[in-house]
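Summary of structural features
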Amino acid sequence: SLRVKKFGLDDLGISSTLRALGDLYHHLKQYDDAFRSYKESLRIWKSHSGKSDLRTAEHYYNIGLVFYSKGPFVKARTSVAECLRIRRLHCSRKERLPVAAALYLLGLIASSSGNYDEALSLLEESLSLRQALLESTDYLLLSNVQLALGIVYHKRNDLQSAMDCFSLALVGRSQCLGKDHLLVSEVLQAIGGVYTTAQDYQKAFKTLEEALCIRKSASPNGSSLEVAETLDELSLVLFKSGDAEKAIELSEEALEVLKSAVGFDHLLVGKVLKNTGDYYQDMEAYDDAMEAYSESLRVMTAWHGREHVFLSEVLNEIGVTRFKNGEYKIAKQSFTEALRLMRLTHNDANKSAVFPTLNHLGHALYKNNELELAAETYLDSFNIQASIVTGDVNDGMKEFSAKLNVIKNRIAIMEQNEEDVVELSESLGGIASILRYLGLVIQEQGDFEAALSVNKLSLSVRLCQPFKEYSSMALMAETIAMFEYKRNNLASAMDYFNQALDAKKSYQGESTIDVARTVNNLANIHFSLGNLDDAMVLYQEAFKIKRHCLGDDSDEVANTLNNIAHVMVNAGKEQEALGAYHNVLRIRQDRYGKSHFSVATTLASMGDVYIKLGKLEIAMTYFEQCIRIQKLHQDHCDERVLENLGSIYGKLGEWHKAESTFEEIIALKRAAHGNECLEVAKTLDLLAVSYIEQNRHVESIEHLREALRIRKACLDDDDDEILASLNKLAFVYKSLGMTEQMMEMREEFEAHQERRRKGSC
């Protein structure tokens with residue numbers, strides 16, 4: 001104020017004072033005031049110097065430092081880049097430490113912006129300059145760059161290089177400042193982060209606790225940006241160790257510290273809120289998660305702008321949360337925007353980040369029934385993952401399938417414990433997984449052949465994995481087996497069921513319920529092929545395991561026992577089959593009550609056995625009980641059971657019951673197949689017989705004529721069924737003394753036979 005009064009607003013001394021004031025504001029974290037001071041100081045300096053010199057560069061450096069601290073990073077980068085340009089121009093070879101400083105700050109900005117290749121190049125140049133110009137004992141400036149380099153290596157997932165840099169930085173800072181200095185805690189924080197990524201959570205927690213202790217000691221009231229940063233990292237360690245509740249507690253503590261230290265608009269607030277959202281999402285507290293993610297997105301947008309790739313991480317988790325909450329359309333929108341931002345950065349490192357979001361988007365599209373788009377999205381993800389594994393651009397499943405043998409050969413010459421083998425195995429697992437989802441979509445589209453082909457490729461990829469994921473292998477093999485079984489390719493189905501069984505036994509053991517179910521499926525195939533002995537052995541194996549796992553009276557035990565009874569019936573062991581069916585009946589009645597639908601099914605099966613034994617009265621009793629139960633549950637009954645019952649009524653001479661049963665069957669068949677159905681004609685014949693046996697010949701004529709009409713509509717003129725219908729009508733007319741009608745039927749019969757003779761000639 002004194003200078004302004006004495007010299008005016010544009011005095012150079014005022015510029016110096018403003019710069020010093022800016023430094024003070026920056027130290028106090030009053031960034032807006034710091035920026036205004038530096039900006040006005042630069043204006044005054046430029047008005048006097050008229051050109052860009054080293055003092056101008058210093059102003060740009062200070063302004064860049066402010067924006068690096070408060071955001072947005074794009075403004076920080078612009079200012080520091082101008083500083084670097086001027087310093088390169090004016091600094092001599094022996095006085096290039098200011099150039100190294102600008103390179104270092106620009107490297108930090110690039111790293112914070114996610115431009116890791118650029119950051120690595122800038123920081124390596126800065127380190128090289130400092131090593132050339134500084135004394136070997138000047139560890140501090142060197143350790144600063146080594147720390148920054150380590151952070152970049154960590155972001156690039158090069159953990160060994162990161163740890164090497166951090167170790168050098170820790171030694172340098174400890175020697176210069178002592179082991180309990182705040183800047184030493186910064187290195188410990190970084191080392192803890194590497195341990196977290198490496199999943200060595202015990203070391204991570206111990207290292208971060210040490211950093212937190214130093215940071216709390218350095219802060220007067222225990223509240224600082226650095227304390228919040230360490231609390232956030234500790235919360236992440238706890239979360240990854242499986243303690244989400246404790247992670248939330250530390251995360252909330254970090255937010256309180258930040259609120260006190262820097263307010264609620266700092267970039268670290270966005271990071272902490274993102275992690276907090278992850279913890280809530282894991283606990284299925286989706287509303288809390290969305291609140292945290294939304295606020296995180298607001299803060300990060302303010303720092304990075306709307307078009308930065310860093311926003312995609314939050315958008316992705318918003319999509320996952322919406323998806324888990326069943327909001328598939330909103331989830332699709334979040335994944336689509338996340339993907340758009342990711343694709344603004346085109347580089348090889350970005351590939352591994354893009355395909356998980358493509359997978360999420362595909363799932364959302366599938367749930368929205370947008371099947372064509374879902375298939376395209378899954379295929380896009382597949383091609384990216386395949387190109388990562390093969391090192392070449394991949395175009396479709398056929399091309400990748402042709403490369404599988406090359407991949408197998410590559411695996412064969414790799415050491416089993418190499419880190420690369422683990423990574424390759426996981427990548428192949430990801431490819432197999434996305435192929436499974438693609439198969440589901442194609443199946444939903446109705447192209448079962450194509451779906452089967454995709455599923456088989458998925459299994460082939462699973463079989464290539466050096467580290468077998470047996471549960472996934474079993475799932476895929478069993479899926480293919482069911483496809484083949486439905487297509488009646490029983491030999492192929494048996495092969496895939498056996499693969500599924502071997503995989504299940506590899507990770508579950510010999511006697512689990514899941515193993516029993518696959519054994520049961522294999523038995524079903526042997527039964528369909530007529531291999532009754534093999535079917536019986538497998539059913540009994542499944543029965544034994546199910547009894548062991550579920551007890552004697554479980555529904556699954558009853559189902560397999562039911563299958564065993566079927567085999568016995570087909571093998572001619574009716575009495576043994578009845579014993580098995582009685583046990584099935586007991587279990588189902590005890591579990592569900594005597595009027596359950598499954599009880600009716602068992603009663604019908606027992607009725608069939610009694611028919612084979614010639615015990616019609618007993619069979620009738622079982623069928624009647626079955627029909628009674630079925631009518632409790634639905635408007636209509638099983639046609640087959642009714643037909644058996646009608647037949648028994650007829651054989652036992654209970655023609656009135658037979659009549660009503662056949663009428664019911666005809667109504668069912670007409671409702672299911674319409675009037676022009678040969679099955680209706682057959683039952684009309686049986687109904688007519690029931691009338692004839694009751695000496696109601698006249699009433700039978702209507703039904704016999706309708707049966708003839710249906711057969712003429714459905715069959716060729718000379719078909720045997722038409723001739724049989726004509727004969728039946730002729731017989732009834734003769735019985736009634738209706739000679740004219742009888743002769744009409746006989747003439748038509750003979751005309752049909754004559755046409756047949758001529759046709760055969």
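Quick note: structure is the one above.
Below is a short write-up of the structure. All figures in this text were calculated on a predicted structure; none of them were measured in a lab.

1. Comments concerning unusual backbone geometry
- Although it is not a glycine, N369 adopts a positive phi angle of roughly 65°.
- Tracing the backbone through its elements, the reader meets N369 in the loop between helix 18 (348-367) and helix 19 (371-390).
- On the basis of relative accessible area, N369 is assigned to the exposed category, the value being 56%.
- A positive phi is found at N488, a non-glycine position, where the angle reads about 65°.
- Within the secondary structure, N488 is located in the loop between helix 24 (470-486) and helix 25 (490-508).
- N488 gets classed as exposed once you look at its relative accessible area, which sits at 58%.

2. Thoughts on the pattern of salt bridges
- According to the stated counting rule, one finds 53 salt bridges in the structure shown.
- As a salt-bridge pair, R43 and E40 come within 2.6 Å of each other at their nearest N and O atoms. Highlighted residues: R43 and E40, both in helix 3 (residues 31-49), separated by three residues, approximately one helical turn.
- Note that D232 and K271 form a salt bridge whose closest N and O atoms lie 2.6 Å from each other. Residue D232 is found in helix 12 (residues 225-240), and its partner K271 is found in helix 14 (residues 267-282); the two are separated by 39 residues along the sequence.
- You can call D232 buried: its relative accessible area is 0%.

3. Quick look at the environment of Q443
- Locating Q443 in the fold gives a position in helix 22 (residues 419-444).
- Counting along the chain gives 215 residues from Q443 to A658, while the straight-line C-alpha distance between them is 46 Å.

4. A short note on the packing of aromatic side chains
- Per the stated rule, a full pass over the model turns up eight aromatic pairs.
- Where Y68 meets F73, the ring centres are 6.0 Å apart and the plane angle is 40°; that geometry is what we call tilted.
- Classification of F73 as buried rests on a relative accessible area of 4%.
- An aromatic cluster is built from Y68, F73 and W303, whose rings are joined through pairwise contacts.
- The side chain of R130 reaches across the aromatic face of Y104, ending 5.2 Å from its centre.
- Above the ring of Y437, the side-chain terminus of R436 is found at 5.0 Å from the ring centroid.

5. Some details on the nonpolar core
- If you look at the biggest cluster of nonpolar residues, it comprises 117 residues, and the most contacted ones within it are F400, L428 and V461.
- Looking at this core, the element that brings in the most residues is helix 22, giving ten residues.
- Here F400 is in contact with F382, A386, T390, N394, I407, L428, I431 and V461, once residues within four sequence places are set aside.
- Among the nonpolar cores identified, the runner-up in size contains 90 residues, and Y38, Y60, Y153 and L315 belong to it.

Rules behind the numbers
Residues numbered from 1 in each chain as written. Predicted model: local features only at pLDDT ≥ 70, side-chain atom pairs only at ≥ 80, totals over all residues. Heavy atoms only, no water. Helix = DSSP H or I, 4+ residues; strand = E, 2+ residues; numbered from the N terminus. Buried < 20%, exposed > 50% of the residue type's maximum accessible area, 1.4 Å probe, protein only. Salt bridge = Lys/Arg side-chain N within 4 Å of Asp/Glu carboxyl O. Phe/Tyr/Trp six-rings, centres within 6.5 Å; stacked < 30°, edge-to-face > 60°. Lys NZ or Arg CZ within 6 Å of the ring centre and 35° of its normal. Core = buried A, V, L, I, M, F, W, Y, C linked by side-chain atoms within 4.5 Å. Contact = heavy atoms within 4.5 Å.

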